[in-house]
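Chain residues, written in single-letter form:
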Amino acid sequence: MMMVLLAACGGGGEKKAADAKPAEGGGEEQKDAIVIKFSHVTSADSVKGKAAQKFADLAAEKTGGKVKVEVYPSSQLYGDKEELDALVSGNVQMIAPSVTKMVKLDPRWQYVDMPFLFKDREHSLKFFQSDLAKQLLNGEQLVGNDIMGLAFWENGFKQFTNNKKPLKAPADFKGLKFRAQAGKVLEGQFKALGAGSATIPFGDTYAALQQGTVDGQENTYNNMDTQKYQEVQKYMTISNHGRLDYAIFVNKSFWDGMPEDVRTKVEEALKEATEYEWKLAAEDNDKSYENLKNSGKMEITELTDAERAELEKALQPVYEEFKSVITPELIDGIKNMK
């Protein structure tokens, strides 16, 4: 139904690059520039925000001003819930959502929430550059809604935090309640550990932790650091159990309508911006880990190999429940890249 709905909304999605509004200002050479409106929900100084601006600068440079990327951070144009429809309708030409947002079009995107699917960062980067990733980015459910995926941008691995006790074994999770992003896989993850979960918007999570609405949450180092979760959480377990990542999507009709020589230059700009984003994400997560550790406000637990294996074993029911939905081809394909 969602696919049909979005396709119906996509009547305006046939807008071609040649029909894009000219960029405002910037001199005579930009009067007929192709404008790409790039909408995202994080701040301009976030990793995603910096990478988006890097892409905008590179696109202008490589095309000699023929393309102008207008970056709209912090949900200035559209929020998480609206930006996908805005892309389909052609109201924006590019978005960079958390990959979990694509689940409503293609259930395979739940792969990112599968516990312990990725061994380490190198494993995830290998997937980002694989043919398997390209197949996912260009899945028929996306193409059928006039969407094309171009690249993966990194956020990082998730860690558990809570206010009650150190989490070392599956039994330690029993009875606790965690904030989670929306999704059946995450519900299944916490259920397998004997814990509860609540879907709470990212922007409301600090207050929920502070007020005790939930006992804990899962997130990347950088998200926890920039949101100051160390002020409202006592314990952190370095688990690397799941990932949070982004992907770049464009309106397919718009993209295909761009002159091929110009599009090639823009793709080069995106490739360089993507490499920049990966490097920046790794650096910022490392810095954020040090900030969290040096704050002295959280007790940090590093799982031993045996403890990690025990936790991984406890979460196997999630694979039994969701592997057929996400498909064995994708799950096993990612696992075999280790």
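Refer to the preceding data block for the structure.
For clarity, every value in this text was computed on a predicted model and none was experimentally measured.

Caption draft 1: Here's a closer look at the packing of aromatic side chains. All told, the structure shown has 18 aromatic pairs when counted by the stated rule. The interplanar angle of 65 degrees and the centroid separation of 6.0 Å between the aromatic rings of F160 and F178 together place this pair among those described as edge-to-face. Taken together, the residues F160 in strand β4 (residues 147-162) and F178 in strand β5 (residues 177-180) connect sequence positions 18 residues apart. A single burial state applies to F160 and to F178, both of which are buried. Taken together through their ring pairs, the aromatic side chains of W109, Y111, F118, F127, F128, F152, F249 and W278 make up a single cluster.

Caption draft 2: Quick peek at the packing of helix α4 (residues 121-128) against helix α11 (residues 260-295). Axis separation between α4 and α11 bottoms out at 13 Å; the angle between their running directions is 160 degrees. The angle between the axes of α4 and α11 places the two elements in the roughly antiparallel class. As α4 packs across α11, the resulting crossing turns out to be right-handed. Across the interface between the two elements, R121, L125 and F128 of α4 pack against W278, K279 and A282 of α11. By residue class, the composition of the contact of α4 with α11 is four nonpolar, no polar and two charged.

Caption draft 3: Molecular detail of the pattern of salt bridges. Considering all chains together, one arrives at 14 salt bridges under this definition. For K279, the salt bridge is made with E283, and the minimal N-O distance between the two is 2.6 Å. Taken together, the positions of K279 and E283, both in helix α11 and four residues apart, correspond to about one turn of that helix. Looking at E283, the relative accessible area reads 30%, which means it is partly exposed. In this structure, a network of salt bridges that share partners links the residues R121, E154, R243 and D245.

Caption draft 4: Region of interest: helix α14 (residues 328-335). Those residues of α14 lying buried are L330, I331 and I334. Seen end-on, α14 carries its buried residues on one side only, within an arc spanning 95 degrees.

Caption draft 5: Just the pairing of strand β1 (residues 34-39), in detail. The buried fraction of β1 amounts to five of the six residues, a majority that puts the element mostly inside the structure. Relative to strand β2 (residues 67-72), β1 runs parallel, the two sharing six bridges. Within β2, the position partnered with I36 by the bridge is V69. In this fold, the crossover linking β1 to β2 by way of helix α2 (residues 47-62) has right-handed handedness. Pairing analysis gives two bridges linking β1 to strand β3 (residues 94-95), with the strands arranged parallel. Looking across to β3, one finds that S39 is bridged to I95.

Caption draft 6: Region of interest: unusual backbone geometry. Phi is positive for S74, close to 55 degrees, though the residue is something other than glycine. If you trace the backbone, S74 turns up in the loop between β2 and α3 (83-89). Using a relative accessible area of 39% as the deciding quantity, one classes S74 as partly exposed. With a phi close to 50 degrees, N240 is a non-glycine residue in the positive phi region. Within the element layout of this structure, N240 appears in strand β8 (residues 235-251).

Caption draft 7: Quick look at the pairing of β5. Pairing analysis gives four bridges linking β5 to strand β6 (residues 196-199), with the strands arranged parallel. Within the sheet, the bridge partner assigned to K177 lies in β6 and is G196. Note that the unit made of β5, helix α7 (residues 184-192) and β6 has a crossover that is right-handed. Here β5 runs beside strand β7 (residues 216-219); their pairing, made up of two bridges, is parallel. From the neighbouring strand, F178 faces β7, where its bridge partner is G216.

Reading the values: rules and limits
Residues numbered from 1 in each chain as written. Predicted model: local features only at pLDDT ≥ 70, side-chain atom pairs only at ≥ 80, totals over all residues. Heavy atoms only, no water. Phe/Tyr/Trp six-rings, centres within 6.5 Å; stacked < 30°, edge-to-face > 60°. Helix = DSSP H or I, 4+ residues; strand = E, 2+ residues; numbered from the N terminus. Buried < 20%, exposed > 50% of the residue type's maximum accessible area, 1.4 Å probe, protein only. Axes fitted to C-alpha atoms, helices over the stretch in contact; angles between N-to-C directions. Parallel < 35°, antiparallel > 145°, perpendicular 65-115°, else oblique. Left-handed = near helix turned anticlockwise from the far one by under 90°. Contact = heavy atoms within 4.5 Å. Nonpolar A, V, L, I, M, F, W, Y, C, P; charged D, E, K, R; others polar. Salt bridge = Lys/Arg side-chain N within 4 Å of Asp/Glu carboxyl O. Arc of directions from axis to C-beta. Pairing = 2+ DSSP bridges. Right-handed = clockwise from strand over helix to strand, strands pointing away.

Any functional reading would require information beyond the geometric quantities listed.
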